[in-house]
Amino acid sequence: MDGRDWPGTIASPETLFFMVDVMPHMSKTNAPWRIGPQPVLLAAAVLAVVVIGIGCIAVWRGYTGTAPEQERVTIARVNQARVAQASEQLVEKTKGIEETQQQSIDQLQVVQDQLVVMTKLLALQQAETRKLNEQVGNLTGSLDNIRQSFASAQAAPEAAAPSSVRERPRRRARAAVTRGKPKAVVQRGRSKSRG
């Protein structure tokens, strides 16, 4: 085959002869579909190794006394025990949280009750303070009235004093006699002496 031949063109007779001559030779020596005595021995050896391996595994499991089913059952039971233990712990923790929550609610109720009592006491104290403020205001007003009446009582004798010089000794004598009496009586006595 030379470089001038293209696909689709007719090959030269030398090329055809070469192809016909090589093909039968290849099929006799290197054909993959041909089975000889060596591959059968190889297959027999592989089969023997597989059978021996399976036998060894069976002997090992029989010797240890554990089968995969028993292991699975044991693992499943262990997992169930762990799940049961975890659920019990969860239930205990939930109960603990509920108890803590109830204690918090009780403490909050006590604080609320104390707050209500304190509010009532504060209201009573404010009412007492108002009453005391009213009483102080009334006393202050009464004191102011007393001061005004006392000032007017003192202003009245001073206004009458310059009218006569003689009456001064009498007034002093009467004042000495009437010092223990109330002021209203003293003023009556003065008004009688004038008349």
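What counts as what
- Residues numbered from 1 in each chain as written.
- Predicted model: local features only at pLDDT ≥ 70, side-chain atom pairs only at ≥ 80, totals over all residues.
- Heavy atoms only, no water.
- Helix = DSSP H or I, 4+ residues; strand = E, 2+ residues; numbered from the N terminus.
- Buried < 20%, exposed > 50% of the residue type's maximum accessible area, 1.4 Å probe, protein only.
- Areas by Shrake-Rupley, 256 points an atom, 1.4 Å probe, with all protein chains shown as cover.
- Patch = residues over 30% accessible without salt bridge, like charges linked within 9 Å, V, L, I, M, F, W, Y side chains within 5 Å.
- Salt bridge = Lys/Arg side-chain N within 4 Å of Asp/Glu carboxyl O.
- pLDDT = per-residue confidence, 0-100.
- Contact = heavy atoms within 4.5 Å.

### Regarding the overall build of the chain
Each helix and strand in the chain was counted, giving five helices and zero strands. Order of helices (α) and strands (β) in the chain, N terminus to C terminus: α-α-α-α-α. When each of the 195 residues of the chain is scored for burial, the buried share is 4%. On the chain, roughly 17,800 Å² of surface is accessible, and the fraction owed to carbon and sulfur atoms is 63%.

### Quick look at a nonpolar patch on the surface
On the surface, a cluster of nonpolar side chains totalling about 390 Å² of accessible area is made up of Leu-42, Val-46, Val-50 and Ile-54. As for its position among the elements, Leu-42 is in helix H2 (residues 37-64).

### A word on the confidence of the model for the chain
In this model, the chain carries an average pLDDT of 76, and 60% of its residues clear a pLDDT of 70 or more. This stretch, residues 21-28, has a pLDDT under 50; its non-local contacts, to residues over four places away or in other chains, come to two contacts.

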